[in-house]
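If you want the building blocks of each chain, they are given just below.
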Amino acid sequence: MKKMQEAESLRLQNAHLQRALQETTITLQEKIIELSVINRISACLEHIHDLQVLCEKVVTIIAEETVAENCSIMLLDDEQARLYLLAANDQMDKRYLLDSNAIGDKGRRLYSFRMGEGVAGTAVNEGQTIYVPDTAASEFFTEVDSSRIKVRSLLAIPLVVNEKAVGVINLSHPDINAFTDNDVRITQMVASFIAAVINNALLYNELSLKNNYLEKTLGELSAAQADLLQAQKMESLGTLAGGIAHDFNNILVGILGYASLLKNLVAQDAKFYKYIDIIETSASRGAQLTQQLLLFARSKKTAFEPINLNTVIKEVLALFSTGVDKKITIEKTLAPDIGMVDCDSGQMHQALLNIVINARDAISENGKITITSGKVYVEDTSSPSLQGLVPGNYVLVSIADNGQGMDKETVAKIFDPFFTTKEKGKGTGLGLSMVYDIIKKHQGAIEVNSEIGKGATFNIYLPYSSAQKTPSRPLEDKDDHPQGHETLLLVDDEEVIRGFATEILSAHGYQVIACQNGREASELYAASPGKIDLVILDLFMPVMDGKETLAALKKINPQVRVVISSGYAETKELKGLEGEIRAFIHKPYKSAELLKKVREVLDKE
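Just so it is clear, the model here is predicted, and its values are computed rather than measured.

(A) Representation of the overall build of the protein within the structure. The helix and strand tally for the protein stands at 14 helices and 18 strands. Counting over 605 residues, the protein shows a buried share of 43%. Looking at the protein alone, contacts between residues at least 24 apart form 69% of all its contacts between residues at least 6 apart. Summed over all atoms, the accessible surface of the protein reaches about 32,700 Å², with 52% contributed by carbon and sulfur.

(B) Summary view of the pattern of salt bridges. Per the counting criterion, the structure on display carries 11 salt bridges. A salt bridge links Lys368 to Glu331, with the nearest nitrogen and oxygen atoms 3.9 Å apart. With a gap of 37 residues between them, Lys368 in strand S10 (residues 368–378) and Glu331 in strand S8 (residues 329–334) connect regions that are remote in the sequence. Judged by relative accessible area, which is 33%, Lys368 ranks as partly exposed. The exposure class of Glu331 is partly exposed, given its relative accessible area of 35%. The salt bridge involving Asp492 is made with Lys587; its shortest N-O contact spans 2.8 Å. With Asp492 in the loop between strand S14 (487–491) and helix H11 (495–507) and Lys587 in the loop between strand S18 (583–586) and helix H14 (591–603), the pair connects residues that are 95 residues apart, well separated along the chain. In this structure Asp492 comes out as buried when scored by relative accessible area, which is 3%. You can call Lys587 buried: its relative accessible area is 0%.

(C) Structural view of a nonpolar patch on the surface. Nonpolar side chains collect at one region of the surface, where Leu214, Leu218 and Leu221 lie side by side and expose about 270 Å² of accessible area between them. Residue position: Leu221 is located in helix H4 (residues 181–236).

(D) Looking closely at helix H3 (residues 118–126). All of the buried residues in H3 are Val119, Ala120, Gly121, Thr122, Ala123 and Val124. If you follow the buried residues of H3, they end up packed against strand S1 (70–77), strand S2 (82–88), strand S3 (111–114), strand S4 (130–132), strand S5 (153–161) and strand S6 (164–173).

(E) How the structure looks around the nonpolar core. Residues Leu309, Met348, Leu352, Val397 and Ile446 are the most contacted members of the largest nonpolar core, which totals 39 residues. Every element with two or more residues in this core is listed here: helix H7 (309–321), strand S9 (341–343), helix H8 (345–362), S10, strand S11 (392–401), helix H10 (431–441), strand S12 (445–450) and strand S13 (456–463). Among the elements that line this core, the one with the most residues is H8, at 7 residues. If near-sequence neighbours (up to four positions away) are discounted, Met348 is found in contact with Leu309, Val312, Cys343, Ile438, Ile439, His442 and Leu462. One finds Ala68, Phe179, Ile186 and Ile194 within the second-largest nonpolar core, a separate group that totals 26 residues.

(F) Unusual backbone geometry, seen in detail. Non-glycine residue Glu163 carries a positive phi angle of around 65°. Mapped onto the fold, Glu163 is located in the loop between S5 and S6.

(G) Looking closely at the side chain of Ser373. With respect to the secondary-structure elements, Ser373 resides in strand S10. Discounting residues that sit within four places of it in the chain, Ser373 has contacts with Asn310, Ile313, Thr333, Leu334, Ala335, Ile338, Leu396 and Val397.

(H) Representation of the sheet that holds S3. The strand order across the open sheet built from 6 strands is S3-S2-S1-S6-S5-S4, with neighbouring strands paired in antiparallel fashion. Every interior strand has two partners, whereas the edge strands, S3 and S4, have only one. Strand after strand, the sheet turns through a mean of 25° between neighbouring axes, direction not considered. With 6 bridges connecting them, S1 and S2 associate as antiparallel partners. Note on S2: the bridge partner recorded for Met74 is Leu85. Seen against the sheet, H3 touches S1, S2, S3, S4, S5 and S6 and runs at an angle of roughly 145° to S6.

(I) Inspection of the packing of aromatic side chains at higher detail. If you walk through the whole model with that rule in mind, you get 2 aromatic pairs. A ring pair is formed by Tyr131 and Phe179, whose centres lie 6.0 Å apart and whose planes are at 80°; its orientation type is edge-to-face. You can see Tyr131 sitting in strand S4 and its partner Phe179 sitting in the loop between S6 and H4, a full 48 residues away along the chain. The class for Tyr131 is partly exposed, based on a relative accessible area of 27%. By relative accessible area, which is 5% here, Phe179 ends up buried. A centroid spacing of 6.3 Å and a plane angle of 35° characterise the contact between Phe500 and Tyr589, whose relative ring orientation is tilted.

(J) Representation of the sheet that holds strand S16 (residues 534–538) within the structure. Sheet architecture is open: 5 strands sit in the order S15-S14-S16-S17-S18, paired in parallel fashion. The strands lining the two open edges of the sheet, one partner per strand, are strand S15 (511–515) and S18. Direction aside, neighbouring strands of the sheet carry axes that sit 20° apart on average. Note: strand S17 (residues 562–566) against S18, 4 bridges, orientation parallel. Opposite Ser565, over in S18, you have Ile585 as the bridge partner. Running over the sheet, H14 touches S14, S16, S17 and S18 and is turned about 180° from S18.

(K) Highlighting the packing of helix H12 (residues 518–526) against helix H13 (residues 546–556). Their axes nearest at 9 Å, the elements H12 and H13 cross at an angle of 15°. For the element pair H12 / H13, the angle class is roughly parallel. Remark: the crossing between H12 and H13 carries right-handed chirality. Between H12, through Gly518, Ala521, Ser522, Tyr525 and Ala526, and H13, the contact on the second element is made entirely by Thr549, Ala552, Leu553 and Ile556. Of the residues that constitute the contact of H12 with H13, the class distribution is 6 nonpolar, 3 polar and no charged.

(L) Seen up close, the packing of H11 against H14. It is the contact of H11 with H14, at a shortest axis distance of 10 Å, that shows an interaxial angle of 65°. Handedness of the crossing formed by H11 with H14: right-handed. Here H11 contributes Phe500, Ala501, Ile504 and Leu505 to the contact with H14, which in turn contributes Ser591, Leu594, Leu595 and Val598. Across the contact of H11 with H14, the residue classes break down as 7 nonpolar, 1 polar and no charged.

(M) Expanded view of the confidence of the model for the protein. Residues with a pLDDT of 70 or more make up 73% of the protein, whose mean pLDDT is 77. Contacts from residues 424–429, a stretch scored under 50 in pLDDT, to residues over four places away or in other chains number 8 contacts. Every residue in residues 468–478 scores below 50 in pLDDT, and together they form 15 contacts with partners more than four places removed in sequence or on other chains.

Definitions and limits used
- Residues numbered from 1 in each chain as written.
- Predicted model: local features only at pLDDT ≥ 70, side-chain atom pairs only at ≥ 80, totals over all residues.
- Heavy atoms only, no water.
- Helix = DSSP H or I, 4+ residues; strand = E, 2+ residues; numbered from the N terminus.
- Buried < 20%, exposed > 50% of the residue type's maximum accessible area, 1.4 Å probe, protein only.
- Contact = heavy atoms within 4.5 Å.
- Areas by Shrake-Rupley, 256 points an atom, 1.4 Å probe, with all protein chains shown as cover.
- Salt bridge = Lys/Arg side-chain N within 4 Å of Asp/Glu carboxyl O.
- Patch = residues over 30% accessible without salt bridge, like charges linked within 9 Å, V, L, I, M, F, W, Y side chains within 5 Å.
- Core = buried A, V, L, I, M, F, W, Y, C linked by side-chain atoms within 4.5 Å.
- Pairing = 2+ DSSP bridges.
- Axes fitted to C-alpha atoms, helices over the stretch in contact; angles between N-to-C directions.
- Phe/Tyr/Trp six-rings, centres within 6.5 Å; stacked < 30°, edge-to-face > 60°.
- Parallel < 35°, antiparallel > 145°, perpendicular 65-115°, else oblique.
- Left-handed = near helix turned anticlockwise from the far one by under 90°.
- Nonpolar A, V, L, I, M, F, W, Y, C, P; charged D, E, K, R; others polar.
- pLDDT = per-residue confidence, 0-100.

Here it is in structure tokens:
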């Protein structure tokens, strides 16, 4: 009896141990499956950062490691309160998936369920796992669509991060009761890990988008800083250039003025007439140089008017071709009806001619320069060289050469003042800086494309004109200017200018009183009440400048008629004087310009 009791006790202990071993084995198998899934997903994390690709790997791993035949992952859109399909190993559902570039684009999502709708929507809404052992007997299903895979068992497990459901993972099988309690427990444990993985991937994707935006913003900022630096470089030369131009213009007034007087006194067939003409032409070229310097000083007034750039291009080529080597080929392709642009024709001549000359200097014998014009619609202005433009219609002028070309470092500095690649003594480095400044003043843009050995192309974009009108004709010198009899007070600190202006005005009947500074002018004007009809006043003088002199003259006679004369055309000193003066004449001026301006002012009243 005792032996039988001992045997029964041993049997019971053995059975208990077997059950414990069986439970341990089951638990171990569950852990093995869980760890296998987690291990394979972890391995994916080392080399996959794309959210969709990662999720596609995850659903494949789950289908391979668990009893599930099909698996899908849906994410929650909080604003829409709906789920959208992110990844599935059911190939028939691929039409609902987002590509990796559209994860953050809500406008491209195709939604599947609302919160609380269907098994997936209910699982997310309640934050609990829902297992449907037989869809045919479930309240969630009224009919199984025969065009899709037959689903009889369905398991929906919410993906929870920080106690909030962010999505759902769905497992399905074509047989009923396919998932055991162990399958549910394993999938729930894996789901917690998957939720953390997906959340990290979402954060990574969001960070990538922000980084891309930041890189774009930094690129735009860098381009803006480059433009600012360029503007500061140009501005830093303003004071120097303006001072030089002012003094140089005063010298040129005398040269041009006396040259024109000599030409009136010498017959055109005389021996010395040619020399005088050369002097006048050279002085005029010097005057063009001062206009460059005045543009640096940002004080030269630009006269904008609608112009067809084809006309300017033809005039530039006509001037350029007279002195170019015959071995250099010049080709032009000018589109008809390119429209008008608002520009200063003189400045645009200067800009285009400068680029053409640089092209000539960059090519060797038998080289070629090509100029084209046309219409273009600029839509993308993100390029650094096109920043500042607004999307719209532009006239495009391209000047290309097949010369030696430039490297990236040279192209980056090409518009810097005083930067030149020419030999010492053959270039000042101001030419392309002037071109850049002119184009910017015309609300346009200029870009340079070049590589070593492949030549260079300059593309100039200028906006369409907002108006159409006939350009004014330049003033021509004539000897038959009407005579005058009025008394004029000429105020200028340059003796040469006083001498020339006095002589030309006196020769046409005017009575001229000349003085060298504002203080002397004020005293003379006060001593001659009602006798002086017009004051020609230099703006920059020692002792008492033009602005101070004007104020003093206004105190003596509020109705005094004053013409301001200066090498500057639009400066801070002139602002506010528009209603105080009758006219402005820019230095250097010729005799015809001076006589015409004086007569216009005197005849107004």
